[in-house]
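An overview of the molecular structure
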Amino acid sequence: MKGAQRYRAEHTTRQAAAHLLLVLACLAFLYPMALMTINSFKADAEMYVNPAGFPQRWTLQSYGKIFQYHGGMWINYVNSVIIAVTSTVLSVLLCALAAFAFAKYRFKGRNLIFSLLLATMMVPPEITIPGLYVIFAKLQWINTLRAQILPTITPVLGLFLIRQYMLDIPDSLIEAAKIDGAGHITVFWKVMVPTSAPILGAFAILHFMSVWNAYTWPVLVATKQQVQPIMVILPQLVDPIIGFLPVWGTIMAGCVLSTLPLLIVFVAFQDKFISSVVIGAIKE
Amino acid sequence: MNAQDVPPPGPTAFARLTCWKDLLAPYLFIFPFIVSFLALFLGPAIYALLLSFFRYAGYGKATWVGLRNYTIILNYDVFWIEMRNVLFYWIAHAIPMVILAFLLAVLVNAKVITRKNFFKPIIFVPQVVASVAAALLFQNFFGTKYGILNNLLGTQIPWLTDMDLARWAVVIVLVWRGTGYWFVICLAGLTTISNEIIEAAIVDGATAWQRLIRITIPLMHKTFLFVFVVDAIVTLRLFAEPNVLAGKPGTLAPVEMAPVINLVVENVRNAQFGLAAATGWLLFVVIAFVSWLQFRLLQRKAEER
């Protein structure tokens with residue numbers, strides 16, 4: 001009896017200690033995000049005297065400024081949306097089409113082409129920067145949205161993941177559709193796309209996130225505000241009158257706005273979102 | 001084959017037509033991807049390889065310089081300083097991050113934790129914040145005059161302008177944002193350890209600590225290696241965090257803090273496309289070596305199973 005009691009007491013202490021540790025860790029992870037949100041409700045001027053505490057005066061002024069600065073930063077927000085959405089739609093479509101062929105057709109050169117594509121996954125995308133820049137400059141595509149969209153539309157990882165998934169889709173489904181008179185394209189749209197929807201969605205999330213967060217290439221090819229995505233302009237925000245002084249309230253409002261779309265998707269899907277983000281690493 | 005098997009002429013023509021379509025279909029399906037891939041990735045990559053043997057300013061004539069771009073970069077102290085920075089960022093953030101991610105995974109996976117699904121998303125959520133936003137957040141946090149930390153401490157410590165301190169600020173951003181990712185990987189690894197082994201150990205009277213040291217960590221150490229190596233490749237491509245944290249608005253970080261990609265970006269900005277391309281390909285050599293290492297390690301892992 002005594003042993004059981006002691007065991008139970010120990011168990012409770014251990015449980016409390018484990019929970020306490022985890023709660024502390026969670027607070028540490030959430031603290032910066034909480035700061036970001038709280039500070040976005042302060043005026044820029046208050047950020048210089050009270051950066052750490054709660055706002056003395058809660059205000060939406062910083063959010064308003066996002067829409068005024070530099071002739072309206074909503075342009076940059078819209079740019080980010082256009083770039084990320086277009087890139088996601090195009091890349092998922094291109095990957096799914098090619099993955100269908102690699103998974104369900106036998107054709108000459110299939111394995112060779114596929115292994116060559118996989119081998120290029122080792123090549124860091126940054127390697128293409130000088131080449132792409134020279135080519136795009138010749139085409140006069142520097143400072144356009146397509147210069148930011150096009151280099152992102154052929155992710156081999158997406159092709160690989162979608163093909164792996166399609167390999168497991170039974171051939172009988174395709175045969176049945178063919179007997180019903182479906183052509184190649186109908187089979188793709190009516191059979192392959194609906195059945196592989198989970199991986200298409202997962203990859204879409206992963207890809208959207210990487211394009212939305214992109215910085216290196218956009219910072220080079222988008223030097224005019226008209227075409228800059230939100231990520232490029234945020235670190236450049238300074239006081240329009242004094243210059244050089246970062247306007248922290250406004251910047252934090254921009255950070256919140258740039259996080260919000262992904263955060264909403266994350267809260268809505270949680271586990272699915274998490275597994276899509278780590279899918280590249282888990283699959284190996 | 002007898003005469004009856006010979007199909008009538010009409011349907012044959014149709015069959016031949018579908019046959020021709022069947023043959024062509026897969027090529028048509030891969031066509032958009034392959035063409036875009038060649039035009040937007042492989043083509044520019046090979047073009048960059050060619051550029052790396054020329055001196056080219058983006059207009060006029062390109063001059064063949066052989067390997068000189070590579071020797072210039074390899075003899076350029078900035079390249080080595082930036083390589084050293086990247087190595088520092090990798091070692092300094094990967095070790096605490098892996099330990100933290102693993103310990104959190106062990107905690108969340110522990111039987112005593114009743115609300116696993118409450119903690120998991122919270123630990124992961126910094127991953128949702130973009131690198132640029134995360135860096136800005138911490139730039140505000142570590143600011144000297146108007147920073148949050150100095151305000152709380154009542155000090156004026158130059159966290160971001162003293163390079164030795166600022167490098168650690170970059171490490172903190174990387175750990176804060178990255179832990180959730182590797183935490184999920186570790187959690188996935190932990191769930192593959194069979195309960196039987198753990199229960200057998202409990203029956204044998206092993207304490208929680210002994211189980212951690214003797215069973216869990218040895219079974220997980222391949223996962224740690226994987227994390228470490230993959231993280232090395234990610235860090236070699238680092239750009240946003242140090243530049244946003246330590247750069248003034250609109251400029252890149254000073255050399256003492258800059259990652260290697262800065263050399264690519266700066267050379268492109270200065271229209272030194274040959275030098276930029278050579279830097280890129282040198283980076284590829286390093287990444288290829290690391291990938292090869294990873295492949296070898298994973299192969300050993302597969303053999304041991």
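Keep in mind that what you see is a predicted model, and the values were worked out from it rather than measured. (Residues numbered from 1 in each chain as written. Chains lettered and ligands numbered in written order. Predicted model: local features only at pLDDT ≥ 70, side-chain atom pairs only at ≥ 80, totals over all residues.)

Tallying secondary structure elements over chain B gives 12 helices and two strands in all. The N-to-C order of helical and strand elements in chain B reads α-β-β-α-α-α-α-α-α-α-α-α-α-α. In terms of C-alpha radius of gyration, chain B reaches 27 Å, well past the compact-globule figure of 19 Å for 305 residues. Across its three principal directions, the C-alpha atoms of chain B cover 95 × 75 × 35 Å. Looking at chain B alone, contacts between residues at least 24 apart form 68% of all its contacts between residues at least 6 apart. (Helix = DSSP H or I, 4+ residues; strand = E, 2+ residues; numbered from the N terminus. Rg over C-alpha atoms; globule rule 2.2 N^0.38 Å. Contact = placed C-beta atoms within 7 Å.)

This brings us to the confidence of the model for chain B. Residues and elements named next belong to chain B. Taken residue by residue, chain B gives an average pLDDT of 88. The fraction at 70 or more is 92%. Per-residue pLDDT stays below 50 along residues 6-16; that stretch engages in one contact with residues further than four places along the chain or on separate chains. Predicted complex, confidence summary: ipTM 0.92, pTM 0.91. (pLDDT = per-residue confidence, 0-100.)

Turning to the interface of chain B and chain A, a few remarks are in order. On the chain A side, the residues contacting the 73 residues of chain B number 74 residues. Of the residues forming the side of chain B that touches chain A, the biggest block, 17 residues, is contributed by helix α1 (residues 9-51) of chain B. Classifying every residue of the side of chain B that touches chain A gives 62 nonpolar, 10 polar and one charged. (Nonpolar A, V, L, I, M, F, W, Y, C, P; charged D, E, K, R; others polar.)

Counting residues in hydrophobic clusters, the biggest one holds 163 residues, and the most contacted among them are A:Ala98, A:Ile162, B:Val132, B:Phe183 and B:Leu245. Here this core gets 14 residues from one element, more than from any other, and that element is helix α7 (residues 163-192) of chain B. Beyond its immediate chain neighbours, meaning those up to four positions away, A:Ile162 contacts A:Cys95, A:Ala96, A:Ala99, A:Ser196, A:Ile199, A:Leu200 and A:Phe203. (Core = buried A, V, L, I, M, F, W, Y, C linked by C-beta atoms within 7 Å. Buried ≥ 20, exposed ≤ 12 C-beta atoms within 10 Å, placed from the backbone.)

Next up on the list: helix α8 (residues 195-203) of chain B. Little of α8(B) sits out of view: just zero of its nine residues are buried. Looking one or two places after α8(B), you find B:Gly205, whose phi comes out positive at around 85 degrees.

So, on to the packing of helix α14 (residues 248-269) of chain A against helix α5 (residues 131-141) of chain B. Contact pair α14(A) / α5(B): the axes reach a minimum separation of 10 Å and the direction vectors enclose 150 degrees. When the axis of α14(A) is compared with that of α5(B), the two are roughly antiparallel. When the axes of α14(A) and α5(B) are compared, the crossing they make is left-handed. Residues A:Trp248, A:Ile251, A:Cys255, A:Ser258 and A:Thr259 of α14(A) lie in contact with α5(B), whose contacting residues are B:Ala133, B:Leu136, B:Leu137 and B:Asn140. Residues of the contact of α14(A) with α5(B), tallied by class, amount to six nonpolar, three polar and no charged. (Axes fitted to C-alpha atoms, helices over the stretch in contact; angles between N-to-C directions. Parallel < 35°, antiparallel > 145°, perpendicular 65-115°, else oblique. Left-handed = near helix turned anticlockwise from the far one by under 90°.)

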